[in-house]
Amino acid sequence: MLQELLTVAAAAGSAGVLYIVSAARIVKQYERGVVLRLGRLAGEVRQPGFTMIVPVVDRLHKVNMQIVTMPVPAQEGITRDNVTVRVDAVVYFKVVDAAYALIRVEDYKFAVSQMAQTSLRSIIGKSDLDDLLSNREKLNQGLELMIDSPAVGWGVQIDRVEIKDVSLPETMKRSMARQAEADRERRARVINADAERQASKVLAEAAREMSETPAALQLRLLQTVVAVAAEKNSTLVLPFPVELLRFLENPQRAPLGQTPERSAGV
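Thresholds applied
Residues numbered from 1 in each chain as written. Predicted model: local features only at pLDDT ≥ 70, side-chain atom pairs only at ≥ 80, totals over all residues. Heavy atoms only, no water. Helix = DSSP H or I, 4+ residues; strand = E, 2+ residues; numbered from the N terminus. Expected span 1.5 Å × (residues − 1). Buried < 20%, exposed > 50% of the residue type's maximum accessible area, 1.4 Å probe, protein only. Polar contact = N/O pair within 3.5 Å; in protein donor to acceptor, adjacent residues only side chain to side chain. Core = buried A, V, L, I, M, F, W, Y, C linked by side-chain atoms within 4.5 Å. Contact = heavy atoms within 4.5 Å. Pairing = 2+ DSSP bridges. Axes fitted to C-alpha atoms, helices over the stretch in contact; angles between N-to-C directions. Salt bridge = Lys/Arg side-chain N within 4 Å of Asp/Glu carboxyl O. Phe/Tyr/Trp six-rings, centres within 6.5 Å; stacked < 30°, edge-to-face > 60°. Lys NZ or Arg CZ within 6 Å of the ring centre and 35° of its normal.

This next bit is on helix α3 (residues 108–126). Compared with an ideal rise of 1.5 Å per residue, which puts 19 residues at 27 Å, α3 spans 27 Å between its outermost C-alpha atoms and is within 8% of the ideal. Those residues of α3 that sit buried are Y108, A111, V112, S113, A116, Q117, S119, L120, I123 and I124. The N-capping residue of α3, defined by a side-chain oxygen 3.3 Å from the backbone nitrogen of K109, is D107.

Okay, here's the thing in structure tokens:
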């Protein structure tokens, strides 16, 4: 009799151990457990740690709550100013309601990916090329809003959306390069013309000062000679004063054999 009791107790213990082993589940820290009992949502979402389910009757589905980084395949479209571009992006999102993410959508990752691609093509068609190249922060916010609106009903929250790269046709790249080069050349010419205008004003002021003081012109001439001679050239170019040429235009010539003083009556 005792042996039979021991046998029954051992069998019951084995059954109990087997039940615990089959019913025990471990939910990791970054996961949440959703239990479906006979196909229906049962109780609250299971928190991280050790949990128990009813074998055969219950099924535990673990949902990852970490932030997911999903690249959006490059989408080709035509901008509002009729330029063909190819744009790719990246989406950061996370699950905030594990039950909704499991029940309300078949595959929330695939749904977010398709929504991101559709929204990216829509953004391309509504934007100008200059906005895609220089005003990406505003486009990122608009793209995030477009994806986040339907994702809220799936238990998913869009954390951030970033446009990574904008690819342009080679012809457009060459056109933009020529435009930038022409703009730089225009600015260079404007700066050069402005410098010439300022230099001409300074030279005009210097000429007026020298006309009032003839000795200043002689000093400037000597400075020029010193500057040329400092180069150790074999040939020295000496400017001839214009005032001397004017003096020689009407010289007072004395008769032969007389000094200039006698011819003047001195």
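V85, V91, F93, Y108, V112, V156 and I158 are the most contacted members of the largest nonpolar core, which totals 35 residues. Mapped by element, the contributors of at least two residues to this core are β6 (68–78), β7 (84–95), α2 (98–103), α3, α4 (129–134), α5 (136–151) and β8 (156–167). Broken down by element, the residue count for this core peaks at seven residues, all from α3. Contact partners of V156, with chain neighbours within four places excluded, come to F93, K94, V95, V96, Y108, V112, D148 and A151. Grouped together as the second largest cluster of nonpolar side chains are five residues, V27, V35, I53 and L60 included.

With that settled, consider the sheet that holds β6. Taken together, three strands build an open sheet; the order of strands is β6-β7-β8 and the sheet is antiparallel. Strands at the two margins of the open sheet, each flanked by one partner only, are β6 and β8. Looking at each pair of strands side by side, their axes are set apart by 25° on average, direction ignored. Where α3 meets the sheet, it contacts β6, β7 and β8, and its direction lies at approximately 35° from that of β6.

Turning to the pattern of salt bridges, a few remarks are in order. Tallying each qualifying case throughout the model produces eight salt bridges. Here E162 ties to R160 by a salt bridge, and the two come within 2.5 Å at their closest N and O atoms. Residue classification places E162 among the partly exposed residues on the basis of a relative accessible area of 21%. For R160, a relative accessible area of 39% translates into the label partly exposed. With its nearest N and O atoms 3.4 Å apart, the salt bridge here joins R187 to D183. Residue R187 and its partner D183 are located together in helix α6 (residues 170–212), separated by four residues, close to a single helical turn. For D183, a relative accessible area of 30% translates into the label partly exposed. Through salt bridges with shared partners, a single network forms among D183, R186 and R187.

The next thing to look at is the packing of aromatic side chains. Scanning all chains against the criterion turns up zero aromatic pairs. Directly above the ring of Y100 sits R104, whose terminal nitrogen or CZ lies 3.7 Å from the centroid.

To continue, consider the environment of G142. Along the chain, the position of G142 falls in helix α5. The class for G142 is partly exposed, based on a relative accessible area of 25%. G142 sits 19 residues away from V161 along the chain, and the two C-alpha atoms are 9.2 Å apart.

Where β6 and β7 come together, nine bridges link them in antiparallel fashion. Within β7, the residue paired with M70 across the bridge is V91. Hairpin connection between β6 and β7: a loop of five residues separates the two successive antiparallel strands, and N82 in this loop has a positive phi of roughly 65°.

Before going further, it helps to spend a moment on the sheet that holds strand β2 (residues 31–37). Within a sheet, adjacent strands bond to each other through the backbone by hydrogen bonds, running parallel or antiparallel. The three strands lie next to each other as β3-β2-β5, forming an open sheet whose pairing is antiparallel. Each edge of the sheet is formed by a strand with only one pairing partner; in this case those strands are β3 (40–41) and β5 (58–64).

So, on to the environment of K28. Structurally, K28 can be placed in the loop between β1 (24–27) and β2. Once the C-alpha coordinates of K28 and V63 are considered, the two residues, 35 residues apart in sequence, prove to be 9.9 Å apart.

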